Amino acid sequence: MKLTNKRYYFDYNSSSPLAKSVIEWFASGDFFVTNPNSLHTSGKKSLKYIRETQTYLFDTFQLGATHQVFFHSGATEGINTFVINEISTGDEEKHLILFETDHSSAYKIKNITDQYKINLHLKTLVNSAGELKTDELIRFIKTLKGKIIINYTWVNNETGIIWPLDEAVRIKQATGAFIHVDATQSVCKLKDWNLLSPMLDAYTYSGHKFGALTGVGFSFYKKDYPIKYLVNGAKGVLHGRPGTPNTTGIYSIYLALRETIKKYDHDESLAAINYLKDQLDNLLKNHGYVISKNSLNCCTNTLSLFFNAKKGLDVLNMFDMNGIEVGVGSACSSGILGPNRVLIAYGVDENKSNNSIRFSFETDLTMEKAKTYFEMIKKILLKAF
Ligand SMILES: Cc1ncc(COP(=O)(O)O)c(C=O)c1O
């Protein structure tokens, strides 16, 4: 997508630009200044907009019969809520399974686990194509006693590799584990992205990954789940998460999701991303490769390139100087790149784990756009070698 400052933006997995319908709504000036917890007419109007969003989410994901939803500040809060709930409650022995390929919002929970009486298992368990070795995971879980807690990343933010939801269901059926699905990168990026299994315990999303505002997201969880929120205070009227709900942000989820769904054509985007992967893999030849090229199950907007002898950050800077914005692997909070544990999990040598860049395109990627983008990317990559 071309931004208003004439730069090309290929970093949608970090944050998607606002959906047109959200921008138009802002331009209309009809903001929510009232608190949905207030009992006057204007407060009730805000509440009505949150309810409308809730209903839309239940209709879209068809989980209304088994799950409820709560709005939060984004996937980081959603993931932390469920994992910390599970590791902090109950007297039985507990095992938390996190994967080296998880996003930091789940992975970094490892740093606080010594506050709780639990066993932490950091697992790689992927083959070189990034696919989860489900049978091995199930066999491992069966050697453990007590409660098992798993964060299951549906779509990997760096590589676009999909771990099918059916596999999570299979783990649930075989082991009874509590499974939280990190669904942050799934919206309009794979077939049946909205068909959620009622068997799985919780699902988490962030609005800004599909054109809503940043700082707002939502999670589904089972109706009988005794949720405890990370923040304390007065409960809201709609659901128990304390604090005044961000009505503007929540309604932007409704507008952006509706627009994104209308524009998404799975088959068209899949053909377009596969075209880009083939062309770029050919172009790189002896200089590197497309990271997910051997994976049969990938989403429709993401591709990462590995370079044999170039740092990703250097290549990112070349793109940046040419007006194109791309992403690099695992940036830590200071902005300095540490080793990329996701690529290391796929078998890449630690010293070369930062030799990659990521392109994540708009979800309505078409073949026509892919051809244009390839020519632009090619020009810069040829200069880089
Ligand atoms: C897979 C995945 N999970 C969780 C998150 C955290 O989302 P947020 O930063 O909106 O809290 C991200 C963000 O990039 C992500 O890609």
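Residues numbered from 1 in each chain as written. Predicted model: local features only at pLDDT ≥ 70, side-chain atom pairs only at ≥ 80, totals over all residues. Heavy atoms only, no water.

1. Re the domain arrangement of the protein chain
Each assigned domain of the protein chain is listed with its residue range as follows: domain 1 (8-18 + 265-384) and domain 2 (21-261). For domain 1 versus domain 2, the distance between C-alpha centres works out to 26 Å. Of the residues lining the interface, 29 residues belong to domain 1; the matching set on domain 2 comes to 40 residues. Note on domain 1 versus domain 2: buried area summed over both sides is about 2700 Å², and carbon and sulfur give 52% of it. On the domain 1 side of the contact with domain 2, Leu18, Arg341 and Tyr346 bury the most area, a combined 28% of that side's loss. For the interface between domain 1 and domain 2, the tally reads one salt bridge. Along the contact surface separating domain 1 from domain 2 lie 19 residue pairs in polar contact (both at pLDDT 80 or more). Of all the elements in the fold, those that place two or more residues in the side of domain 1 that touches domain 2 are helix 8 (266-284), strand 10 (302-307) and helix 10 (341-345). Among the elements that line the side of domain 1 that touches domain 2, the one with the most residues is helix 10, at three residues. The residue inventory of the side of domain 1 that touches domain 2, partitioned by class, reads nine nonpolar, 17 polar and three charged. (Domains from an automatic or database assignment. Contact = heavy atoms within 4.5 Å. Buried area = accessible area lost by both parts, 1.4 Å probe. Salt bridge = Lys/Arg side-chain N within 4 Å of Asp/Glu carboxyl O. Polar contact = N/O pair within 3.5 Å; in protein donor to acceptor, adjacent residues only side chain to side chain. Helix = DSSP H or I, 4+ residues; strand = E, 2+ residues; numbered from the N terminus. Nonpolar A, V, L, I, M, F, W, Y, C, P; charged D, E, K, R; others polar.)

2. Overview of helix 9 (residues 312-321)
Among all positions in helix 9, only Gly312, Val315, Leu316 and Phe319 are buried. Burial along helix 9 is one-sided: seen end-on, the buried residues are contained in an arc of 105 degrees. Phi turns positive, to about 80 degrees, at Gly323, one or two residues after helix 9. (Buried < 20%, exposed > 50% of the residue type's maximum accessible area, 1.4 Å probe, protein only. Arc of directions from axis to C-beta.)

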